[in-house]
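Coordinate inspection notes
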Amino acid sequence: MSPLSAARAALRVYAAGAAVVLAQLLRRCLGGFAEPAGNNDSKAQDVVRRLKEETSNDKVEFLYCDLASLTSIRQFVQKFKKKKIPLHVLVNNAAVMMVPQRKTRDGFEEHFGLNYLGHFVLTNLLLDSLKAAGRPGRTARVVTVSSATHYVGELRLRDLHGSRCYSPHGAYAQSKLALVLFTYHLQRLLAAQGSPVTANVADPGVVDTDLYRHVFWGTRLIQKMLGWWAFKTPDEGAWTSVYAAVTPDLEGIGGRYLYNEKETKSLMLTYDRDLQRQLWAISCQMTGITDVTQDTLLG
Ligand SMILES: NC(=O)c1ccc[n+]([C@@H]2O[C@H](COP(=O)([O-])OP(=O)(O)OC[C@H]3O[C@@H](n4cnc5c(N)ncnc54)[C@H](OP(=O)(O)O)[C@@H]3O)[C@@H](O)[C@H]2O)c1
């Protein structure tokens, strides 16, 4: 990436963020964000209530997993499987944003390695657990958190690690674009296998969290001054993921991009099946995951 395209990537990411912030401000003025509700969602609300109760009652067990390390992910999956806990929902939520150029333990550019490849491997290694827990009428779910920056992302298949000219903005947007392509391909594989598992993407909007700790100081200042008003609160930001994880409206439905608890279109490029397949194949090569695409979709 040349310095000019790096500057262009930064402008595009800030423009995408500003567009979301303006839409959120408008919505605040028109009444704000409402927790997903309605008859259909009473079950969903019940799950959320129980989750809240359990986390506040210390009934939750934590297992360490560093998504920037393939070894750590494999160790985590081993430990998790030993516990024989049914896995109904996997939310791929972790990320870093606009970090300086650095590598994961396995030598991948950090955004691509952690945000995308980390979740790619985690999901693939947990698929058998998800398949075992899901059943028709109560499918297990993979919810992958992307971002509006995917709309301005570019997938550089020949330089996925940004080694030629690094742009933190371009790298973050690329990782979020890769997650959408990954989810759609995963959904196609799951559907072709007749698996009781679905995969969807959740876009939280612009949320007032620590994700912004590496961004340009001017953006941090705006967050500090206006975040309480223009950004979603962490609770509001989580609603789309929670909705995707538990709503009966999405029973058996996958391959959707969800924003403000509604389906919307992702970038046109994300529907390109060849590109999805290429990215999947490269990701398998990079991480040692067996690529079942040939046997499942083309065999
Ligand atoms: N905030 C926004 O405006 C916004 C907008 C669009 C999309 N998103 C997406 O929303 C998701 C959540 O972000 P957030 O806003 O809640 O940011 P956040 O508060 O910074 O949370 C990021 C999470 O990622 C985890 N994480 C970072 N590195 C990790 C690693 N190596 N291994 C395992 N976990 C790691 C962090 O764990 P620790 O706390 O233990 O470090 C933290 O829980 C991300 O996917 C982000 O891209 C956020």
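Residues numbered from 1 in each chain as written. Predicted model: local features only at pLDDT ≥ 70, side-chain atom pairs only at ≥ 80, totals over all residues. Heavy atoms only, no water.

- Looking up the chain in an unreviewed UniProt entry gives the name Polyprenol dehydrogenase, with the organism given as Panthera pardus.
- If you open the UniProt record of the chain and go to Sequence similarities (unreviewed entry), you find "Belongs to the short-chain dehydrogenases/reductases (SDR) family." (UniProt positions renumbered as here; feature names shortened; annotations may be inferred.)

Some remarks on the side chain of Thr-144
- For Thr-144, the location among the structural elements is in strand 2 (residues 140-145).
- Within the structure, Thr-144 has its side chain in polar contact with the side chain of Asn-92 (distance 3.1 Å). (Helix = DSSP H or I, 4+ residues; strand = E, 2+ residues; numbered from the N terminus. Polar contact = N/O pair within 3.5 Å; in protein donor to acceptor, adjacent residues only side chain to side chain.)

With respect to helix 8 (residues 273-287)
- Helix length check: helix 8, at 15 residues, gives a terminal C-alpha distance of 21 Å against a target of 21 Å (1.5 Å per residue), a fit within 8%.
- Every buried residue belonging to helix 8 is among Leu-275, Gln-276, Leu-279, Trp-280, Ser-283, Cys-284 and Thr-287, and all of these are buried.
- For helix 8, the capping residue at the N-terminal end is Asp-272, with a side-chain oxygen 3.0 Å from the backbone nitrogen of Asp-274.
- At the C-terminal side of helix 8, Gly-288 shows a positive phi close to 80°. (Expected span 1.5 Å × (residues − 1). Buried < 20%, exposed > 50% of the residue type's maximum accessible area, 1.4 Å probe, protein only.)

A short note on the site of the ligand
- Taken together, 22 residues sit near the ligand, with Asn-93, Tyr-172, Val-207, Thr-209 and Tyr-212 positioned nearest.
- With respect to the ligand, the backbone of Leu-67 contributes an N or O atom lying 2.9 Å from a nitrogen atom.
- Within the backbone of Val-207, one N or O atom sits 2.7 Å away from an oxygen atom of the ligand.
- Burial of the ligand by the protein amounts to 69% of the accessible area it has alone, namely 890 Å².
- Of the residues belonging to the shell around the ligand, the class tally is 13 nonpolar, 5 polar and 4 charged. (Near = heavy atom within 4 Å. Areas by Shrake-Rupley, 256 points an atom, 1.4 Å probe, with all protein chains shown as cover. Nonpolar A, V, L, I, M, F, W, Y, C, P; charged D, E, K, R; others polar.)

A short note on the pairing of strand 1 (residues 89-92)
- The two faces of strand 1 differ: Leu-90 and Asn-92 on one face are buried, but Val-89 and Val-91 on the other face are not.
- Two elements, strand 1 and strand 2, share 4 bridges in a ladder whose sense is parallel. Directly across from Leu-90, in strand 2, lies its bridge partner Val-142.
- Handedness of the crossover joining strand 1 and strand 2 through helix 4 (residues 110-133) is recorded here as right-handed. (Pairing = 2+ DSSP bridges. Right-handed = clockwise from strand over helix to strand, strands pointing away.)

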